[in-house]
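# Coordinate inspection notes
One-letter residues, chain by chain:
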2 protein chains.
Amino acid sequence: MSEPERRASGDRGKSTAEKPRLDRQRILEAGAEFIEQFGPRHLTMRRLGTELGVEAMSLYRYIPSRENLLDGIVEVVIDELYQDPEVYAEPRHGWQDYLLRLAHGLRRLALAHPQVFPLIATRPTEAPWVRPPLRSLRWVESFLKALTSAGFSNQAAVDAYRAFSSFLLGHLLLEVAALGADVGPVDDVEPRPPRSTDLDDYPLLQRLQERLSEDRSEQEFEEALESLLDRLEALQN
Amino acid sequence: MSEPERRASGDRGKSTAEKPRLDRQRILEAGAEFIEQFGPRHLTMRRLGTELGVEAMSLYRYIPSRENLLDGIVEVVIDELYQDPEVYAEPRHGWQDYLLRLAHGLRRLALAHPQVFPLIATRPTEAPWVRPPLRSLRWVESFLKALTSAGFSNQAAVDAYRAFSSFLLGHLLLEVAALGADVGPVDDVEPRPPRSTDLDDYPLLQRLQERLSEDRSEQEFEEALESLLDRLEALQN
DNA sequence: ATGCTTAGCTTACATCGTAAGCCAATCCGA
DNA sequence: TCGGATTGGCTTACGATGTAAGCTAAGCAT
């Protein structure tokens, strides 16, 4: 009424626009920020709406559901790992260097987003053999490539991927929990129907899918346990 | 009206009573069972009520809130570890034996309750230095006693506790997730105000509380990472 | 008998996710 | 220039949820 037309004049958006228009990316980023500030539990459609100066239902033009919103937020945050110059950079100095960078990158990510990290760590992944927190097909492919091309057998590379995931998950989840993050059941999700993924862009994944799907949890557990005991032995006395 | 008095006659309850009366324990057990069957996401006060043949609000006479209900369920399930004869039994054959039993006991527990385990793993603990999944004061005390009396220094015992927790959490959480359990944010919780706990019964905890509260995540991470890399090196070629 | 206590029920409310439909502003082809 | 189509956000509405408040009937002790 009183306000002279807001979002005025023909110059579309780009200018000083105090209300830059809604779009999926903006929503996801706002969501990530919101969670970091208040914890996932407080992220509701209505609150995120008001945060963006908009009604809750407006979000649904860009986001099909709250579940999908959370998935999107996780993706957005994970994507930072690609922008991390310390991590991205072809494995120049051997696989150990690669794994070190990756581990440190993920730790940095977790510490930078302690509230989002539990989502990264516990939300179902797009395929059952993709394990958090290294939860994108791209990273799995990258991981397997680094190891196999360093002389690991396929099986060994897969085993390494699993061991690496378990290690990161356990340590980082406990570390952010200690920071007071809302680790605890954040939000419940139905086990997802395995969205049959397109592996065209991921040759290694395609080739190793079978092996990746095998259940070797028992052996993995026993081996890691034994190795842990060895390590602890060194602490004795 | 028509029904001739149910829960009849003076013989109080013990008999054939098809409606055995409500009490906290019974509610928690029903809750655990319910979660195991349908996943935590579907556990609502009303549904648990009907499960017990009772209105939702009746539960509140025994349970202050849903949060507390989940806590109780976790406790009930964890308590099974004490009943496990493979685990409980004073550390007869040295600390390694003790840790092996404990690890296997927890794994058994996780596999027996894949839907509850994520709660065990991610719900906030009663003190910040109690780390899931070994999340009861009793177990921490027991753990520290086993190690210190086997010659570990206090610091070493604490370090061992942390390494052990991370190991179990990572491996077991991923293992039950692979079983299709609702790992993903199950239910969100406010970080709990550290309920100042009574440590009178736990002399070691009392003595080591300071050390247990120190933040050594960086070192722990680096050491475990290095050890993991060593282990993976053996897989190469 | 009388009043107290107990255990479960009824009602009510705020908040949530989201389905359905509305409406004004913009865009586009004539 | 215009008039329909499209777009983007809003309004309303519904069922589910956790839980506060108060009720009531059965059993108890006096």
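Further up the page is the structure itself.
Residues numbered from 1 in each chain as written. Chains lettered and ligands numbered in written order. Predicted model: local features only at pLDDT ≥ 70, side-chain atom pairs only at ≥ 80, totals over all residues. Heavy atoms only, no water.

## Examining the protein's contact with DNA strand C
Heads up, the rule is: Each residue is tested against the molecule or strand, and it is near if at least one of its non-hydrogen atoms lies within 4 Å. Identification of polar contacts relies on pairs of N or O atoms within 3.5 Å, with a donor-acceptor requirement for protein atoms, meaning one able to donate a hydrogen and the other able to accept it, and with residues adjacent in sequence counted only if both atoms are side-chain atoms. A run of H or I in DSSP counts as a helix once it spans at least four residues, and a run of E counts as a strand once it spans at least two, with each numbered from the N terminus. Residues are grouped as follows: Ala, Val, Leu, Ile, Met, Phe, Trp, Tyr, Cys and Pro are nonpolar; Asp, Glu, Lys and Arg are charged; every other residue, Gly included, is polar.
Lining the immediate surroundings of DNA strand C are 17 residues, of which Arg46(A), Glu55(B), Ser58(B), Arg61(B) and Tyr62(B) lie closest. Backbone atoms, meaning sugar and phosphate, make up 45% of the atoms of DNA strand C lying within 4 Å of the protein. One nitrogen or oxygen atom from the main chain of Arg66(A) is found 2.8 Å from a phosphate oxygen belonging to DNA strand C. Taking Glu55(B), its main chain carries an N or O atom lying 2.7 Å from a phosphate oxygen of DNA strand C. Only α2 (45-51) of chain A together with α3 (56-59) of chain B provide two or more residues apiece to the surface near DNA strand C. Top element by residues in the surface near DNA strand C is α2(A). It accounts for three residues. A per-class count over the surface near DNA strand C returns eight nonpolar, three polar and six charged.

## Observations regarding the protein's contact with DNA strand D
Lining the immediate environment of DNA strand D, one finds 17 residues, of which Glu55(A), Ser58(A), Arg61(A), Tyr62(A) and Arg46(B) sit closest. The side chain of Arg61(A) places a nitrogen or oxygen atom 2.7 Å from a base oxygen of DNA strand D. Note that a phosphate oxygen of DNA strand D is positioned 3.0 Å from one of the backbone N or O atoms of Met45(B). Residue assignment for the surface near DNA strand D shows that the elements contributing at least two residues are α3 (56-59) of chain A together with α2 (45-51) of chain B. When residues in the surface near DNA strand D are grouped by element, the largest group, three residues, is from α2(B). Looking at the surface near DNA strand D residue by residue, the class counts come to seven nonpolar, three polar and seven charged.

## Quick look at the relation of the copies chain B and chain A
Defined as follows: To superpose the copies, least squares is applied to the C-alpha atoms of every residue with a pLDDT of at least 70 in both. Residue contacts are counted whenever heavy atoms from the two residues lie within 4.5 Å of one another.
For these two chains of identical sequence, chain B goes onto chain A by a turn of 180° and a shift of 0.0 Å along the axis, with RMSD 0.1 Å. This pairing of chains is accounted for by a two-fold axis. When the interface residues of chain B are mapped onto chain A, 100% of them are again interface residues, pointing to one common binding face.

## Some thoughts on the side chain of Arg135(B)
Residue and element names in this part refer to chain B. What counts, and what does not: Throughout this description, buried means an accessible area under 20% of the type-specific maximum (1.4 Å probe, protein chains only), exposed means over 50%, and partly exposed covers the range between. His is not counted, nor are the chain ends; Lys and Arg add positive charge and Asp and Glu add negative charge. Salt bridge criterion: a side-chain nitrogen from Lys or Arg within 4 Å of a carboxyl oxygen from Asp or Glu.
Among the secondary structure elements, Arg-135 is positioned in the loop between α6 (117-122) and α7 (137-148). Notably, Arg-135 is buried but unbridged: the nearest opposite-charge side chain belongs to Asp-71, and the N-O separation is 5.5 Å. Engagement of the side chain of Arg-135 in a polar contact is seen with the backbone oxygen of Arg-123, the distance being 2.9 Å. Not counting chain neighbours up to four residues away, the residues in contact with Arg-135 comprise Val-74, Ile-78, Leu-119, Ile-120, Arg-123, Pro-124, Thr-125, Glu-126 and Val-130.

## Here's the deal with a negative patch on the surface
Heads up, the condition is: Patch construction takes residues with relative accessible area above 30% that form no salt bridge. Like charges are linked within 9 Å, and nonpolar side chains (Val, Leu, Ile, Met, Phe, Trp, Tyr) are linked within 5 Å. To measure how exposed things are, a 1.4 Å probe is used in the Shrake-Rupley method; for residues, cover is taken only from the protein chains shown. All charge positions are set by atom: Lys at NZ, Arg at CZ, Asp at CG, Glu at CD.
Together, Asp23(A), Glu29(A), Glu33(A) and Glu51(A) line one region of the surface with negative charge. Residue position: Glu29(A) is located in helix α1 (residues 24-38).

## Brief notes about the environment of Arg61(B)
Residue and element names in this part refer to chain B. Mapped onto the fold, Arg-61 is located in the loop between α3 and α4 (66-83). Look at Arg-61 and you get exposed, because its relative accessible area is 72%. The spacing of Arg-61 and Arg-24 is 37 residues in sequence and 8.8 Å in space, taken between C-alpha atoms.

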